[in-house]
Every structure is written in C-alpha cells, then in structure tokens.
Amino acid sequence: MINNCAKIYNAVKAEAVLTEAEDLRKYLTGISTSFGYVLTDANGTVFYTDSRYLEGAEKALKDTGIVVKNFVGPLENLLSGYKEIAVPVGRTLYGDYEKLKNLGLKICDSLPAFTAAMAVKEDYELEYIKKACEIADRAFVALLELIKEGMTENDVAALLEYLMRKFGAGGTSFDTIVAFGENSSVPHHETGLRKLSFGDVVLIDFGCKYGGYCSDCTRTFLFGDDGKHEDFKTAYSHVLEAHMLVKERLTNRMNGKEADAIARDCLKKYSIDKYFTHALGHGIGINVHEFPRLSPKTEDKLSNGMVFSDEPGVYFEGQYGIRIEDTVMLDKGRVISLTDSDKKLLIL
C-alpha cells in the first residue's frame, strides 16, 4: 500500500499532522475503526487507539511502518514538544480544536491535502472500487429474478443488501433507496412499506463497499408493461442519451460545470432539463460523496485517476422519476464505466 501518511505529511509541510476523522484515518491506515488518532511527524507515524482495536490494528499494520499504541488521554499528552500541528480543520471536533488552541499550538489545515490526495486514486484503490462495482452489478442482476408483486420497498432493499453481502461486500455505501411508482419522483426517497404492483416504475439506488471503498449505481425500470407508460419510456430514452453523452464527451481537465452541462444541455433539447433537479455527479472513494463535484455551481477540475458518478435524472412530482447512474473513472482522458449492467429500459 502507498504510504498515505507520508504523502499527507509531505504535502502539508507542518511539524506534525494529527488526524481523528474516521474516513481520513481509514485513508491513512487502511483499516476502519470508530476511534483513534493518527499522528505523523518527521520520525514516522503512530496510530493511537483503544483496547477494542489494538490487536486487530497491530496485525493489520504489521510491516507498514505505522506503530500502534494504546491511547491514554488526554489528547494533550500526544502533543508535548510540538509548536505546530496540522489538522483537517473542517473535519475536527470542536472540543479537540479548542484543546489545540489552548495549548498555544500554531494550527494548520490539512484538509486541502487530504482532498487533493484522495481525489486521484492509486492502483490499489481502483482495484477495491472496481470490485465493489462488480459486486453491485452482480447483486442487481441476481435481484431481478427474485422481485415479485406484493413485495415492499423494504423487502427489495433488504434482499439486494443481502445479495451484495453474499457476493463479498463489506457493507453498503449508503442506505439503499428503493422507490415504487410515484415514490420514484422523490430523488432521495425514504424506502418504506409501499407494495409493488404490476405496471409500477421501480427506481433502485444502491452501492456496496469492498476493502472500505464504495460503488454507487442507480437503475430505473418497469415491473410489467400496463400500456400506460409511453411518456415514461420517452423520458427514459432522453435520460439514457444524456447519460451516454457524458461518457462520450467528458474529458480530462474539464471542470464540474462543463461536465454537468453535457447532460443538462441534452435534456434541454427535449424541454425536460427543469426536471433535472440535482447535480450530474460526485466523487466516489472511501466516502460515497467526495471531491470532485460535477454540478452547475462548481469548477472542480477533473483529472485522470478520479472516480465519480454519472447520474442524470428527471423527476415528475407525484408521477415518476428516472435516474440512470454508473460509477465511472477518467483514464487516459476518457470515461470508463465501472458499473456496467445493461441500461436499456428493462421491463420485468
């Protein structure tokens, strides 16, 4: 594994770097824990945690150069002798920040270094994400054979999450969204007890973790064709066109606003862009929402090695919604899809 501790330390150029936020600790150590501090200085890195994680951390971090020690509070004990400390200011607990200030330490912000480093994936990170995408695709395909009329949204969500676990996932990237019929018009619908009926639109937004890294995918389809969904079918074809145009036209060094405009301008041709009520996409990694942001309001630069979502959608209040989402990456200036189950309109 790449020495991410040294990468951040060298980028920040502070006397020491202290990291408490769970996802940032995961990036530095490669292991997931609910508590701990990572401290890096010119002498190396120490991961301080408690008895719940000591044995596992020592085993996982053997031969990595990261020393594991039992944390004995208070926090001030770790910082004796330092005059300057870097912390991810926007991700640091207020109480911890106040303690640092009260110690008279000069405080630097390490968050920009984390954002830049985590945005461009190393090969090992890409392998984890690709595996998470492969598992999500496989689980979705397996799910389709098991969906029956009368099942609730909760039933389908639980079954999909079970299948992802069965196929090797370490957990979900986020709470699975399953929306039937009119519920699909709410982009982040809260999965509930609505029962599936013949002719329903079905929208499923899902993803899983592998090695601590996320996948993110959305599929929209029909549960049977009752002959009442011609408008839906037309809108679906437009959203799919927008989705595929992003893959065709998005390039290295484009910014988030320009990328979003590819899909938005496509939908505008059909006068449905006003129903595209969210951004085109977001970075994906240890967190399911990371840098870069692909939206009309951002100019985040896209570069090779970045992983993000391509997810145009339209939502007609009280009727139906459509979202088509893949996890994709930029490689050699072009978009490569990492989730790849069939996106042509499916009718079960």
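Residues numbered from 1 in each chain as written. Predicted model: local features only at pLDDT ≥ 70, side-chain atom pairs only at ≥ 80, totals over all residues. Heavy atoms only, no water.

### Topic: the overall build of the protein chain
A count of helical and extended segments in the protein chain gives nine helices and 19 strands. Computed over C-alpha atoms, the radius of gyration of the protein chain comes to 22 Å, within 12% of the 20 Å expected from 2.2 N^0.38 for 348 residues, which places it in the range of a compact globule. Going through the 348 residues of the protein chain one by one, you find that 56% of them count as buried. By sequence separation, contacts in the protein chain at least 24 residues apart represent 61% of the contacts at least 6 residues apart. Of the roughly 15700 Å² that the protein chain leaves accessible, carbon and sulfur atoms contribute 50%. Taken as two groups, the 42 positive and 52 negative side-chain charges of the protein chain have centres that lie 3 Å from each other. (Helix = DSSP H or I, 4+ residues; strand = E, 2+ residues; numbered from the N terminus. Rg over C-alpha atoms; globule rule 2.2 N^0.38 Å. Buried < 20%, exposed > 50% of the residue type's maximum accessible area, 1.4 Å probe, protein only. Contact = heavy atoms within 4.5 Å. Areas by Shrake-Rupley, 256 points an atom, 1.4 Å probe, with all protein chains shown as cover. Lys, Arg positive; Asp, Glu negative; His and termini not counted. Charge placed at Lys NZ, Arg CZ, Asp CG, Glu CD.)

### A few points about the pairing of strand 2 (residues 37-41)
Burial of strand 2 is extensive: five of the five residues sit out of reach of the surface. Residues Tyr37, Leu39 and Asp41 line one face of strand 2 and the alternating positions Val38 and Thr40 line the opposite face, and both faces are buried. Taken together, the four bridges between strand 1 (residues 16-19) and strand 2 define a ladder with antiparallel strand orientation. The partner of Ala16 across the bridge, within strand 2, is Asp41. One ladder, built from five bridges, connects strand 2 with strand 3 (residues 44-49); its direction is antiparallel. If you follow Asp41 over to strand 3, its bridge partner there is Gly44. Once strand 2 ends, the chain turns through two residues before running back antiparallel as strand 3. (Pairing = 2+ DSSP bridges.)

### Some thoughts on empty space enclosed by the protein
All told, the structure shown has one cavity of 30 Å³ or more when counted by the stated rule. Every residue lining the largest cavity is listed: Leu18, Thr19, Glu20, Tyr37, Val87, Pro88, Thr92 and Asp96. Of the residues contributing to the lining of the largest cavity, the split by class is four nonpolar, two polar and two charged. (1 Å grid on protein atoms, 1.4 Å probe; cavity = no way out; pocket = protein on both sides within 12 Å on 5 of 7 lines; lining within 4 Å. Points joined across faces, edges and corners; volume = space filled by probe spheres on them. Nonpolar A, V, L, I, M, F, W, Y, C, P; charged D, E, K, R; others polar.)

### A few points about the pattern of salt bridges
What the rule picks out here adds up to 21 salt bridges. One salt bridge connects Glu98 with Lys101, and the closest N-O pair in it is separated by 3.8 Å. Of the two residues, Glu98 and Lys101 both sit in helix 4 (residues 94-102), three residues apart, roughly one turn of that helix. A relative accessible area of 22% means that Glu98 is categorised as partly exposed. Two residues, Asp225 and Lys233, come together in a salt bridge whose shortest N-O distance is 2.6 Å. For Asp225, a relative accessible area of 32% translates into the label partly exposed. In this structure Lys233 comes out as partly exposed when scored by relative accessible area, which is 22%. Because the salt bridges share partners, they merge into one network encompassing Arg219, Lys247, Asp326, Asp340 and Lys343. (Salt bridge = Lys/Arg side-chain N within 4 Å of Asp/Glu carboxyl O.)

### Looking at the nonpolar core
General note: in soluble globular proteins, nonpolar side chains tend to be found buried as a group. Residues Ile8, Val12, Tyr27, Leu28, Phe47, Phe114 and Val307 are the most contacted members of the largest nonpolar core, which totals 36 residues. Secondary structure elements with two or more residues in this core: helix 1 (4-12), helix 2 (22-29), helix 3 (54-60), strand 4 (66-70), helix 5 (111-119), helix 6 (123-144) and strand 11 (213-214). Within the second largest apolar cluster, 33 residues are counted, among which are Ala119, Phe232, Val246 and Val314. (Core = buried A, V, L, I, M, F, W, Y, C linked by side-chain atoms within 4.5 Å.)

### A short note on the sheet that holds strand 9 (residues 200-206)
Spatial strand order, 8-9-12: three strands in an open sheet with antiparallel pairing. Where the open sheet ends on each side, the last strands, each with one partner, are strand 8 (177-180) and strand 12 (217-223). The mean angle between the axes of side-by-side strands here comes to 10°, regardless of whether they run parallel or antiparallel. The sheet contact formed by strand 9 and strand 12 spans seven bridges and is antiparallel. Directly across from Val202, in strand 12, lies its bridge partner Phe221. Where helix 7 (residues 153-166) meets the sheet, it contacts strand 8 and strand 9, and its direction lies at approximately 145° from that of strand 8. (Axes fitted to C-alpha atoms, helices over the stretch in contact; angles between N-to-C directions.)

### Points about the sheet that holds strand 11
If you trace the three strands from one edge of the open sheet to the other, you get 7-10-11, paired in antiparallel fashion. The outermost strands of the open sheet, each flanked by one partner alone, are strand 7 (171-172) and strand 11. With two bridges joining them, strand 7 and strand 10 (residues 208-210) adopt antiparallel strand pairing. Residue pairing across strands places Thr172 opposite Cys208, the latter belonging to strand 10. Where helix 6 meets the sheet, its contacts fall on strand 10 and strand 11, and the angle it forms with strand 10 comes to roughly 140°.

### Remarks on the packing of helix 8 (residues 230-249) against helix 9 (residues 256-268)
For any two helices packed against each other, one specifies the inter-axial angle together with the distance between the axes. Two elements in contact, helix 8 and helix 9, have axes whose closest approach is 9 Å; the angle formed by their N-to-C orientations is 150°. Two packed elements cross with a definite hand, and for helix 8 against helix 9 that hand is right-handed. For the pair helix 8 and helix 9, the contacting residues are His238, Val239, Glu241, Ala242, Leu245, Val246 and Arg249 in the first and Ala259, Ile262, Ala263, Cys266 and Leu267 in the second. (Left-handed = near helix turned anticlockwise from the far one by under 90°.)

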